[in-house]
Amino acid sequence: MIRAAKQVNPGKKRMVFTAFAMAAAMGLFLTFPARADGGLELHTEYPGISVKPGDSLSIPVSIDNLTGSAADVAVSVVSLPEGWDGYLQGGSYEVSEVYAGNGEASAELTLRLTVPKELSEGTYEVAVEASAGAASDRLSISLNASENQAGNGSFTSEYPLQEGASGTDFSFSTTLINNDLKTQTYSLSANAPAGWNVSFKPSGESTSVAGIDVESGASQGLTVDVTTPDQVEAGEYTVSVSAVSADETLSQDLTVTITGTYGLALSTPDGRLSFDAHANQESDVTLTVANTGNVDLENVSVNCSAPSGWTVTYELEDNMIESIPAGSTTEVIAHVKPSSDAITGDYAATFTAKTDEASDSAEFRISVKTQTIWGFVAIVIILGVAGGLSYVFKKYGRR
């Protein structure tokens, strides 16, 4: 006899499948357990740093507590290069233990390091350790001191040597470079011979400054203006300029070569700066033009600024003295002719002697006098009138 197959209830079938799936999932969970506790982890965003002699460093250090529960973690700097100083800071305290809650970045510290001022080129290592029970970790930080990084900033000039005459304004283009990792404030100063003036101006600006800020890794152009006195002997002079910050002193020497001293003095043989003149008539005045410098002067022009309508001429070709040797004096005769309508009184005229290197001027007072003949003419006229009146009175008398 053949029996018919027994049908299975669909609802029971679904229940059996669901139970089977849950059992399989449990099996997988038991086969691949969840991640075990991770212990302690020390880390920093800056595991490799470049340093310079005398640096003071502040390096942030984080502790991740992955043990599964909060803990008091012992911390210490376990390795320092010889001559270096360092400690761990939490808040405003030096610490040896820190509370770390469960989780990442559960505690934040600062590693304070002081780099010695004498430092050889090379790579140095600092190590920090953290421990809580059986959990511990070690963090190593590499500090690199190379020739470039261990150097200071720079203060240089493209043309540190210039020459010219005394009284010349010299202008030096310089560059100040800050190689530090932070902005530096530099105080600017100069050491120059007595009587010399030195000023600093940022490139492209007209205002003098005594100090300037330069950002990390940046450069700043500076114009150094040097003004010499009028009377400086020929020779070579040094002007030392400095840029001083809290961390470094940068200096350079600028050299000024004075090629000679130029000078002119205009006067008269007796020193008097006044004379008399008459309208529409020439009056002569002798001028002295002295070379007071130590260099011969060429092509010295002589001119005069006189009242309108006056003429002034000289016994010189093109009003020019060809040469005046150093230390000598040349006399020049000027012919001054007031205008025909000049009235009696005092007038001013300025004489000037000038070359490309030097100049001088002198103001003269010129007294214009009335011609004596006109005085006689006036007297004759007055006498004639008086005589005529006397004759009339005598001849005709009173009526």
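Residues numbered from 1 in each chain as written. Predicted model: local features only at pLDDT ≥ 70, side-chain atom pairs only at ≥ 80, totals over all residues. Heavy atoms only, no water.

A.B. asks: Looking at this structure, how should I read the overall build of the protein chain?
C.D. replies: Each helix and strand counted, the protein chain has two helices and 28 strands in total. Counting only contacts in the protein chain whose residues sit at least 6 apart along the sequence, the fraction spanning at least 24 positions is 69%. Split by element, the accessible area of the protein chain, about 24,300 Å² in all, is 50% carbon and sulfur. (Helix = DSSP H or I, 4+ residues; strand = E, 2+ residues; numbered from the N terminus. Contact = heavy atoms within 4.5 Å. Areas by Shrake-Rupley, 256 points an atom, 1.4 Å probe, with all protein chains shown as cover.)

A.B. asks: Which parts of the structure should I look at to understand the side chain of S283?
C.D. replies: Here S283 lies in strand β22 (residues 283-291). Using a relative accessible area of 12% as the deciding quantity, one classes S283 as buried. Among the polar contacts listed, one links the side chain of S283 to the backbone oxygen of D276, at a separation of 3.5 Å. Apart from the residues lying within four places of it in its own chain, the contact partners of S283 are F275, D276, A277, H278, A334, H335 and V336. (Buried < 20%, exposed > 50% of the residue type's maximum accessible area, 1.4 Å probe, protein only. Polar contact = N/O pair within 3.5 Å; in protein donor to acceptor, adjacent residues only side chain to side chain.)

A.B. asks: Explanation requested: the environment of V95 in the structure shown.
C.D. replies: Along the chain, V95 falls in the loop between β6 (93-94) and β7 (97-100). For the pair formed by V95 and L109, sequence separation is 14 residues and the distance between their alpha carbons is 8.9 Å. Ignoring sequence-local partners within four residues, the contact set of V95 consists of V75, L88, Q89, G90 and L109.

A.B. asks: I keep staring at the packing of aromatic side chains and nothing clicks. Help me out?
C.D. replies: Two aromatic rings, taken as a pair, are described by how far apart their centres are and by the angle between their planes. Here the structure, examined in full by the defined rule, presents five aromatic pairs. With a centroid separation of 5.3 Å and an interplanar angle of 40°, the aromatic rings of W84 and Y124 are classed as tilted. Taken as a pair, W84 in the loop between β4 (71-79) and β5 (85-90) and Y124 in strand β9 (residues 122-132) lie far apart in primary sequence, 40 residues in all. With centroids separated by 5.2 Å and ring planes inclined at 50°, the aromatic side chains of W310 and Y347 adopt a geometry described as tilted. Taken together, the residues span a long stretch of sequence, with W310 in the loop between β23 (297-305) and β24 (311-314) and Y347 in strand β27 (residues 345-354) at a distance of 37 residues. (Phe/Tyr/Trp six-rings, centres within 6.5 Å; stacked < 30°, edge-to-face > 60°.)

A.B. asks: What is the right way to look at the sheet that holds strand β15 (residues 197-202) in this model?
C.D. replies: In sheet architecture, strand pairing relies on hydrogen bonds along the backbone and comes in two forms, parallel and antiparallel. Strand order in the open sheet made by the four strands is β11-β13-β17-β15, with antiparallel pairing throughout. If you trace the sheet from one side to the other, it starts and ends with β11 (154-157) and β15, each paired once. The average angle at which neighbouring strand axes cross in this sheet is 25°, direction not considered. Here nine bridges tie strand β13 (residues 169-177) to strand β17 (residues 219-227), and the two strands are oriented antiparallel to one another. Among the inter-strand pairings, F170 is bridged to a residue of β17, identified as V226. (Pairing = 2+ DSSP bridges. Axes fitted to C-alpha atoms, helices over the stretch in contact; angles between N-to-C directions.)

A.B. asks: Would you take a moment to explain a nonpolar patch on the surface for this structure?
C.D. replies: A contiguous nonpolar surface patch, about 430 Å² in accessible area, is contributed by I381, V385, L389 and F393. The residue F393 is located in helix α2 (residues 372-396) in this model. In this structure F393 comes out as exposed when scored by relative accessible area, which is 59%. (Patch = residues over 30% accessible without salt bridge, like charges linked within 9 Å, V, L, I, M, F, W, Y side chains within 5 Å. Salt bridge = Lys/Arg side-chain N within 4 Å of Asp/Glu carboxyl O.)

A.B. asks: Help me out: how do you make sense of the pattern of salt bridges in this one?
C.D. replies: Where side chains of opposite charge bring their charged atoms close, a pairing between them can arise. Using the criterion set out here, one finds three salt bridges in the structure. Measuring nitrogen to oxygen at the nearest pair gives 3.1 Å for the salt bridge that ties E129 to R138. R138 gets classed as partly exposed once you look at its relative accessible area, which sits at 43%. The residue K201 makes a salt bridge to D225 at a minimum N-O spacing of 3.4 Å. Highlighted residues: K201 in strand β15 and D225 in strand β17, separated in sequence by 24 residues. On the basis of relative accessible area, D225 is assigned to the buried category, the value being 19%.

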